[in-house]
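# Geometric and topological summary
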Amino acid sequence: MTVTCRRVCSQPESFWRRETLGRALAFALLALIALFAPRAHAVEGLRLAIGDISHPALSANDIQLEFSAARSTLEVHIARLRLGDRSWRELHLSCPQASLSAQGVHCSGAQLGVHGRRLPLVLDFHADPAASRVAVELRLSSGAQVRLSLDDEGRFEAVLARLGLEDLSVLASLLSPPGAGELLRYLTRGQVNARLVWEPEGAGRARDSLTLTARFSELAFGTDDGLRAGEGLGLAVELAAHPTPAGWGWQAQVAWEQGEAYLHPLYLQAGPVLDAAGVFHAEQIEIHKATLALEGVAQLAFTARIGRADLSLDDLALSLSGGDLAILGPRWITPLLAPALVERLHFGGQIGAGLEIEDGRVQAFNVVFDAAELSLAAADGGRGFGFGPLTGHLPWLAGSSSRARLQVQGGYWEALALGAFDVNAMLQGQQASFETMRIPLLDGMLVLDEVELGRESEGWLGRASVAVEPVSMRLLTQALGLPSMAGLLSASLPGVRVSPAEITFDGALVMSVFDGYVQATQLHVREPFGVASHVRADLEARHLDLAQLTETFSFGSITGFVDADVRGLELVRWRPTSFDARLVSSAGDYRRRISQRAVQNISALGGAGAMAVLQRGLLGLFDTFGYRELGFQCVLAGGVCLMRGIDGSERADGSFQIVRGGGIPALDVIGYNRRVDWDELVGRIQRVIDDNVTPELH
C-alpha cells in the first residue's frame with residue numbers, strides 16, 4: 001500500500017504548549033500510519049511519502065516511510081528536519097524489529113544516520129498516537145542511556161544516565177546545542193547523570209513548569225595555554241523554570257562539591273554554593289536575587305544582567321559582609337592585584353564591600369575595614385613592612401568625588417616601628433589626592449605631603465613630597481641592630497615618584513652623623529617589591545669625625561676628619577655590585593694621630609703584601625703615631641675592587657700609600673695588592689670588627 005501526502009500543517013501554537021515537539025511529530029506521522037494499520041495484516045507492507053510537515057516548533061521535508069510486514073522492518077528517510085532553531089539533513093532510521101498496529105508503532109534496535117554518517121547508538125521507541133504517548137530510549141556503546149517519554153497529559157521527561165565525555169560528544173554532534181563544541185573542546189574527562197521534566201498546565205498544575213536535576217562527577221578540563229584547568233570536579237545542579245510573558249522565570253542552585261580548578265590567576269577549591277533566581281529573556285539573563293556561600297564570607301549577595309550572546313556582564317549590584325581577610329586576601333585579593341607577591345603578602349581583620357556596574361562599567365565601589373592588617377615580607381626573608389590594625393571607609397563613585405577616611409593604629413618597616421596616623425583622601429575618577437600624613441618614627445616624624453595616586457596606561461603611578469623630621473641616630477641604629485651612632489637623620493625629598501617598576505627621588509636624604517653629614521642623591525629603586533630589587537644612588541660624606549667613627553666600629557683609634565664620595569653606587573638585592581668610592585683626609589688644621597691597633601687593622605684590610613713602614617726601632621716605644629694624610633679608593637666592577645691609595649702616591653713597584661706618615665715617628669701604610677675580591681674584602685672588614693685581627697707588622 002502506498003500513500004502520498006504533499007503537505008501536513010498545524011495552527012501556530014506556543015513552542016511548549018500541549019502540542020509539544022514530540023506530540024506534533026506523532027500527530028503528523030503516526031496518525032497517518034494508524035489510519036491504515038488495521039489493514040496491515042492483509043498487505044505485505046506500507047509505504048508513506050509526505051512532502052512537507054509544518055509546525056511552529058518543527059518542520060520536515062521529503063519524508064519517506066516504508067514498513068515491511070514480512071520482515072518486520074521499518075525504514076524512515078527525512079531530507080531535512082528542523083526542531084526549533086536546529087536543523088539536520090539526510091536523516092535515516094533503520095529498524096530491524098518493528099511492528100505496526102492500531103496501538104501504534106514499536107521499534108527495537110534501530111540505527112540512526114545523519115548526513116550519511118551512522119551514529120554509535122541503538123534506538124528503541126514506542127508511539128501510540130491514539131493515547132498520545134511516546135517513549136524513546138537511546139543506548140550508547142559505553143553503556144550510557146538516554147530515555148525520553150511523553151504521556152497523554154503532555155508531560156515530557158528526559159533522563160540521562162552515566163553519560164561520559166564521548167557520549168556527550170555524540171549527542172552534541174546530533175543536537176548541536178549552542179556552545180557545545182567549544183565546551184567539549186576543553187573537557188578531558190567527566191560523567192553526567194540528569195533528569196529533565198516538562199509538565200504543562202492542567203491536572204492540578206496552575207502553570208507550565210520545567211525542572212532539571214543534574215550531577216556532574218570527575219570532570220576535568222584544560223586549555224591549551226594552561227591558564228584554565230580543573231580536576232576531579234563534582235557539581236550538583238537543581239533548576240526550576242516556568243514560562244512568563246517576559247520570558248522564562250527560573251530558580252537554581254549550583255553546589256561545587258568536589259575538586260579544584262585554576263582560572264588564571266585564581267586557584268579555587270570545592271565548597272561554594274550558589275542560590276539564584278531570575279528570568280531568561282531572548283537576549284539577556286536577569287538574576288533578580290543570588291547568594292553565594294563562600295568560605296571566609298558571612299554573606300555575599302548580588303543581582304545582575306548578563307548578555308546571552310557573549311555572556312557579557314552588563315549590570316551588577318554586589319554586597320559582601322563579614323569578609324575574613326586572612327582567607328580572602330591570599331585566595332582572591334593578591335592573585336588579582338599583585339600575583340607576584342602571593343607568597344609574601346599577608347592579611348588579617350575583617351572587610352565589607354559593595355560594587356555596582358551599569359552597562360558594563362563600574363559606577364560605584366566601597367570598602368569598609370574593621371581591624372584590618374596588611375604586611376609584606378621582604379624578598380630575602382626579612383620582616384618587610386606592615387600596617388594595622390586599620391579601620392575606616394573607602395568609597396568611590398564614577399563621575400563624582402568622594403572622601404576616604406582611614407585610621408591606622410601603627411605599622412613597621414623592618415625593625416622600625418611606626419606610630420598611629422590618619423589617612424584622608426579625595427577620590428575622583430582614577431585619581432586620589434591625599435592630605436598631609438604625619439607618621440611618628442622613633443623620636444621624629446615621617447611627613448608625606450602632596451601625595452597623589454593615579455592609574456595610567458602603564459599602571460598605578462604615585463607622586464609625593466617626603467620629609468623626615470630629625471630622628472636620633474642613636475635610636476635608629478639601636479632599632480636596626482647597628483653599632484650605636486650619635487647624630488641625627490633628616491631628609492627632604494620634594495619629588496618622589498612611584499610606579500609598579502620603579503621609585504625615584506628628587507632632593508637629598510641627609511644624615512647628620514659623626515659631627516659631619518652623609519648625603520644621598522640621584523636615588524632611585526627599580527622593582528622595589530621584587531626579588532631582584534635594584535638601587536642606584538650617589539653618596540657624599542663630609543667632615544666625618546674619625547675618632548667617633550673608629551670607636552663606634554671598634555677599629556682602633558684615629559683622630560682627624562675624612563671626606564668620602566661614592567659615585568654610581570648600585571645595589572642588587574641590597575648587595576653592592578658597582579661603585580667608584582674615594583675616601584680622603586678633610587682639609588684643615590686638626591690633630592692627626594693613629595693608634596697601633598688601627599694601623600694593624602688597616603694593614604689587615606690590605607691582605608697579603610700590605611704592611612706598615614716605621615722608623616726602625618721606634619715601634620715598641622709608641623702607642624699612637626702621627627700621620628699627615630690618609631686616602632683610599634675602590635672601584636667595584638665584576639665583583640673585584642680595584643684599589644688605589646693617596647693621590648700621587650703610586651710607586652714604581654706598583655705599591656701605593658694608604659697612610660702617609662708625618663711627625664715623629666713617621667709611619668706609612670703601604671698596599672701592594674691592587675685587585676681584591678669584594679666578598680673577601682667585606683669578610684676582612686667583618687673579621688676586623690668582630691675578631692680584632694692583629695697581623696704581624698714589618
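No experiment lies behind these values; they were computed from the predicted model shown.

Across its full length, the chain carries eight helices and 45 strands. By the burial criterion, 42% of the 698 residues in the chain qualify as buried. If you sum the accessible surface of the chain, you get close to 36,300 Å²; carbon and sulfur atoms cover 56% of it.

Looking along a regular strand, one sees side chains alternate from face to face of the sheet. Both strand E11 (residues 145-150) and strand E12 (residues 156-164) contribute to a ladder of six bridges, which runs antiparallel. In the sheet register, Leu 148 faces E12, and the bridge partner there is Ala 158. The hairpin formed by E11 and E12 contains five residues between the paired strands, and Gly 154 there has a positive phi angle of roughly 85°.

On to the state of the cysteines. Evaluated as defined, the whole model comprises two disulfides. Two residues share a disulfide in this structure: Cys 634 and Cys 641, whose sulfurs sit 1.9 Å from each other. Across the pair, Cys 641 and Cys 634 agree in class, each one buried. Sequence-ordered numbering of the bonded cysteines in the chain gives a pairing of 1-2, 3-4.

Let us look at unusual backbone geometry. The omega angle of the peptide bond from His 264 to Pro 265 is 5°, so this bond is cis rather than trans. Counting through the fold element by element, Pro 265 comes out in the loop between strand E16 (247-263) and strand E17 (266-269). In this structure, the amide linkage connecting Gly 388 to the following residue, Pro 389, adopts the cis form with an omega of 0°. Position of Pro 389 relative to the elements: it lies in strand E24 (residues 385-397). Even without glycine at this site, Ala 371 takes up a positive phi of about 55°. Mapped onto the secondary structure, Ala 371 falls in strand E23 (residues 361-376). Here Ala 371 falls in the partly exposed class, since its relative accessible area comes to 35%.

Before going further, it helps to spend a moment on the pattern of salt bridges. A complete count under the given rule lists 20 salt bridges for this structure. The partner of Glu 66 in a salt bridge is Arg 47, and the shortest N-O contact between them spans 3.5 Å. Of this pair, Glu 66 sits in strand E3 (residues 58-68) while Arg 47 sits in strand E2 (residues 45-54); the two residues are 19 residues apart in sequence, bridging distant segments of the chain. Across the pair Arg 438 and Glu 469 runs a salt bridge whose closest N-O atoms are separated by 3.1 Å. Placement of the pair is Arg 438 in strand E30 (residues 437-441) and Glu 469 in strand E32 (residues 459-472), with a sequence separation of 31 residues. Looking at Glu 469, the relative accessible area reads 32%, which means it is partly exposed. One salt-bridge network, held together by shared partners, links Arg 155, Glu 157, Arg 195 and Glu 199.

With 13 residues, helix H4 (residues 325-337) should reach 18 Å at 1.5 Å per residue; the first-to-last C-alpha distance of 14 Å falls well below that figure. Listed in full, the buried residues belonging to H4 are Leu 325, Leu 328, Gly 329, Thr 334 and Pro 335. Where the residues of H4 are buried, they touch E17, strand E21 (313-324), strand E22 (345-358) and E23. Put simply, Asp 324 is the residue that caps the front of H4, since its side-chain oxygen is 3.0 Å from the backbone nitrogen of Ala 326.

This paragraph deals with the packing of aromatic side chains. For the structure shown, the criterion picks out six aromatic pairs. Here the aromatic cluster, defined as three or more aromatic residues joined through ring pairs, consists of Phe 385, Phe 387 and Phe 421. For the cation-ring pair, Arg 592 lies above Tyr 590, with the distance from its terminal atom to the ring centre recorded as 4.1 Å.

Along the chain, Gly 109 turns up in strand E7 (residues 104-114). By relative accessible area, Gly 109 is classed as partly exposed at 22%. Put simply, Gly 109 and Pro 96 are 13 residues apart on the chain and 6.6 Å apart in space, counted from C-alpha to C-alpha. For Gly 109, the contacting residues outside a window of four places in its chain are Ser 94, Pro 96, Val 122, Leu 123 and Asp 124.

With that settled, the discussion passes to the environment of Ala 127. The topology assignment puts Ala 127 in strand E9 (residues 121-128). The class for Ala 127 is buried, based on a relative accessible area of 4%. Along the primary structure Ala 127 and Gln 103 are separated by 24 residues, whereas in three dimensions their C-alpha atoms are 8.2 Å apart.

Right, let's get into the pairing of E9. Along E9, six of the eight residues are buried, which leaves the element largely enclosed by surrounding structure. As judged from the four bridges shared by E7 and E9, these two strands associate in the antiparallel manner. Bridge pairing in E9 links Cys 107 to Phe 125. Bridge analysis of E9 against strand E10 (residues 133-140) gives eight bridges, and the strand direction is antiparallel. Across the sheet, Leu 121 pairs through a bridge with Leu 140, a residue of E10. The turn joining E9 and E10, which pair antiparallel and follow one another in sequence, is formed by four residues; a positive phi near 55° is taken by Ser 132.

Our next topic: the confidence of the model for the chain. For residues with low pLDDT, the predicted coordinates do not support detailed interpretation. When pLDDT is averaged along the chain, the result is 83, and 86% of the positions lie at 70 or above. Mean pLDDT across the elements of the chain bottoms out in helix H1 (residues 21-36) (48) and peaks in strand E18 (residues 273-280) (96). With pLDDT under 50 throughout, residues 10-28 is counted as low confidence; its partners more than four residues away or in other chains account for 43 contacts. In this model, residues 693-698 is a region of pLDDT below 50 whose contacts with residues beyond four sequence positions or in other chains number 15 contacts.

Criteria and cut-off values
Residues numbered from 1 in each chain as written. Predicted model: local features only at pLDDT ≥ 70, side-chain atom pairs only at ≥ 80, totals over all residues. Heavy atoms only, no water. Helix = DSSP H or I, 4+ residues; strand = E, 2+ residues; numbered from the N terminus. Buried < 20%, exposed > 50% of the residue type's maximum accessible area, 1.4 Å probe, protein only. Areas by Shrake-Rupley, 256 points an atom, 1.4 Å probe, with all protein chains shown as cover. Pairing = 2+ DSSP bridges. Disulfide = S-S within 2.5 Å. Salt bridge = Lys/Arg side-chain N within 4 Å of Asp/Glu carboxyl O. Expected span 1.5 Å × (residues − 1). Contact = heavy atoms within 4.5 Å. Polar contact = N/O pair within 3.5 Å; in protein donor to acceptor, adjacent residues only side chain to side chain. Phe/Tyr/Trp six-rings, centres within 6.5 Å; stacked < 30°, edge-to-face > 60°. Lys NZ or Arg CZ within 6 Å of the ring centre and 35° of its normal. pLDDT = per-residue confidence, 0-100.

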